[in-house]
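Here is how the chains run, residue by residue.
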Amino acid sequence: MTEAAHAARSHETSRSPSAEFPKGRRLEAYRWMVLARVMDERCLSLQRQGRIGFYAPLSGQEAAQVGAAFAMQPEDWIFPAYREVAVALVRGVPLRSVFDQLVGNASDRSKGRQMPNHFAFSEIRFVSASSPIGTQITQAVGASMAIQRRKDRIATIAFFGDGATSSNDFHAGLNFAGVFRTPTIFFCQNNQWAISLPRERQTRSATLAEKAAAYGFPGVVVDGNDVAAVYRTVREARERALAGDGPTLIEAQVYRFGPHSTSDDPRRYREDSQVQAARQRDPIALLKATLVQDRVLDEAADSKIWEEARAEVAEALAGAEKEPLPDVASVFEDVFAALTPRLEEQRDEALGMHGGHRP
Amino acid sequence: MTELTLVQAVNRGLQEAMRQDPDVLILGEDVGVNGGVFRATEGLQKEFGPGRVIDTPLSETGIVGTAIGMALYGLKPVAEIQFLDFIYPAFDQIVSELAKFRYRSGGQFPCHVVVRAPYGGGIKGGLYHSQSTEAYFAHTAGLKVAIPSTPADAKGLLLTAVHDEDPVIFLEPKRIYRAVTGEVPDGDHRVPFGKARLVREGSDVSIFAYGAMVPTATDAAATLALEGISAEIIDLRTLVPLDERAVIASVEKTGRAVIVHEAARFCGFGGELAAILAEKAFYSLKAPIARVTGYDTPFPYSLEHVYLPNTDRVAQAARTTVRAG
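Remember, predicted model here, so these are calculated numbers, not experimental data.

A. Region of the structure containing the overall build of chain B. From N to C terminus, chain B includes 12 helices and 14 strands. Expected size for 325 residues packed as a compact globule is a radius of gyration near 20 Å; at 19 Å, chain B falls within 12% of this value. Taken over the C-alpha atoms alone, chain B extends approximately 60 × 40 × 40 Å along its principal axes. Residues counted as buried form 60% of the 325 residues belonging to chain B.

Given below as structure tokens:
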């Protein structure tokens, strides 16, 4: 038995009844997953039309994200990478705010400063995402150390992908978390591809979860296409964290249906047959099947959910596209808490060139 | 007032900050039980406990990355990097994360971390215990860079750094950690950022320096005075924000500028100062600007005295500018 399998099994035995996915919320989870999928497909086409500059799709990862988001509490801190839009939505960010960011308009909470997908929503404790890989992992551990110092009854969760397990901060972060026994959940969405590099070329380890053994805490593999399984696993990790039992590494095994981002063409590095095979276990279809089987959902109700999602996306997009760009002067704000004399000088130079409020 | 060395003043500054605010904490390698390899944190773990003076595993990206997470959560971490030469594993966290959090989140996630690091040569430290790479950080938007040259400023700038709202790279000239002592105000002593210090008033040439080069420049000024050359010494104290007004005003008075730093000349901070003077004080200049700096080589071990600016080189550069016009 591998270490990971051992960890997974011991994890099974510690299953907590309070960690079961609440059946009454399955339809809600399904709606979020559909909304994320619809948004994803729309955004890919928007990028091709030149209406947004970039997009990193999450198709195939909806159950992993929604399951994890459901398992966390509103007071918990989220340290996302750049693919976690479904987590932000579940935690209450209006779709319109998401599109404000994708478009980069004056209403964007981040003032149009970042490429699409690099969200920051302080009101839901969704920490600002960046492009460098893995940097949020040590930060999540630091916030967890602060939680310990303040004796708060919450946890942090760091989202990252299979590629990030090769990064400096993965090692440093997990090592610190083990040493300080922090209330951190390391949630790896192993979508099998780091741009063009397949999972088996990322590491010789049999699983990513088994890497946790080297840091002295449990690593768990979970089927990332099963929203209830993801929920249960994250929930149990959170219970461990709050009980003072330290961190957990979770490897949610999923498959990235789309490209890494709108900047690459996956046909260069993988066979379409592999994608088709993975789509047989589409997380949305899997959840739908159980909902239909349990008579919670029928085809008519399902069609309505998809229609509503499309309407919601269309409305959010239309609103966001009507907004103007941020003010020229905003370029110089938030570098520091206050503008330095040099920045004031450069702001005036830019205003002189671009005039008034907008170019 | 208490007579202290520069490293003792750093220690008192940290102690004062931690007494003032329970959210201030220290993390780094060997900072706790051992009190830091230079003893900058000596006695602090005993006073404040291992929860506030944290010995970390040996990972600079871990130290700065976790410090960032603590700051996002509302604590005020002071991260120690044992030598500036070892900061590069944390470069990504400093340059891509710490410097940009406030900006990239539209002000939603300000991130105030102080990163302390001893820097500079003159201790026979060779390539990896001697470098002065302040320009990397001064070049990165979103970071403040403070470099004290006296015990009083070490405490005063450090307390300002800890209570600032922005990330601060705090570079300590280890060569003069114990070489100089000075009177340091007790209690809450703060020296504002962006205000250069007039070390010595003069009328013939302005010498700009920071950190361990301030005493070198001051010694050169004494030599020059014997020759009838009146040199003004300006200690920049903070590279970001820079007291441009003081720099320009001094050159408007003297008409000549000598810039001194230990870092390599090419793309060193002196290049920026020279450019500012060329842009904003060109018509006051009577002579070409001179730079006295480390050479464009890695930092040598046996011949560090050749590499490092010394009193003779500074004095010679000042004489040349005075003779030029």
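Here the narrative resumes, following the displayed structure.
B. Representation of the domain arrangement of chain A in the model. According to the domain assignment, chain A consists of domain 1 (3–324) and domain 2 (327–359). Centre-to-centre, using C-alpha coordinates, domain 1 of chain A lies 36 Å away from domain 2 of chain A.

C. Fine view of the environment of Leu 317 of chain A. Residues and elements named next belong to chain A. Turning to its location among the elements, Leu 317 is positioned in helix H12 (residues 299–322). Under the C-beta neighbour-count criterion, Leu 317 is labelled buried, with 22 such atoms within 10 Å. Spatially, the C-alpha atoms of Leu 317 and Leu 95 are 8.7 Å apart, while their sequence positions differ by 222 residues.

D. Layout of the nonpolar core. Ranked by internal contacts, the top residues of the largest apolar core, which has 206 residues, are Phe 187 and Ile 250 of chain A together with Ile 207, Val 258 and Ala 318 of chain B. Considering each element in turn, this core owes the most residues, 11 residues, to helix H2 (residues 26–48) of chain A.

E. Focus on the pairing of strand E13 (residues 257–264) of chain B. All names here are of chain B. With respect to burial, E13 is a largely interior element, eight of its eight residues being buried. Across five bridges, E13 lies against strand E14 (residues 290–294) in parallel orientation. The residue of E14 that forms the bridge with His 261 is Thr 293. In this view, the connection linking E13 to its parallel neighbour E14 by way of helix H10 (residues 269–280) has right-handed handedness.

F. Up close: the pairing of strand E11 (residues 231–235) of chain B. All names here are of chain B. Within E11, five of the five residues are buried, leaving the element largely enclosed by the surrounding structure. Residues Ala 231, Ile 233 and Asp 235 line one face of E11 and the alternating positions Glu 232 and Ile 234 line the opposite face, and both faces are buried. Across three bridges, the pairing between strand E9 (residues 197–200) and E11 is antiparallel. The residue of E11 that forms the bridge with Arg 197 is Asp 235. Here strand E10 (residues 205–209) pairs with E11 via five bridges, running parallel.

G. Quick peek at the domain arrangement of chain B. All names here are of chain B. Assigned domains of chain B: these are domain 1 (2–184) and domain 2 (197–324). Elements represented by at least two residues in the side of domain 1 that touches domain 2 include exactly helix H6 (134–138), strand E6 (144–146), helix H7 (151–163) and strand E7 (168–173). Each residue belonging to the side of domain 1 that touches domain 2 can be placed in one class, and the counts come to 13 nonpolar, nine polar and five charged.

Cut-offs and rules
- Residues numbered from 1 in each chain as written.
- Chains lettered and ligands numbered in written order.
- Predicted model: local features only at pLDDT ≥ 70, side-chain atom pairs only at ≥ 80, totals over all residues.
- Helix = DSSP H or I, 4+ residues; strand = E, 2+ residues; numbered from the N terminus.
- Rg over C-alpha atoms; globule rule 2.2 N^0.38 Å.
- Buried ≥ 20, exposed ≤ 12 C-beta atoms within 10 Å, placed from the backbone.
- Domains from an automatic or database assignment.
- Core = buried A, V, L, I, M, F, W, Y, C linked by C-beta atoms within 7 Å.
- Pairing = 2+ DSSP bridges.
- Right-handed = clockwise from strand over helix to strand, strands pointing away.
- Nonpolar A, V, L, I, M, F, W, Y, C, P; charged D, E, K, R; others polar.

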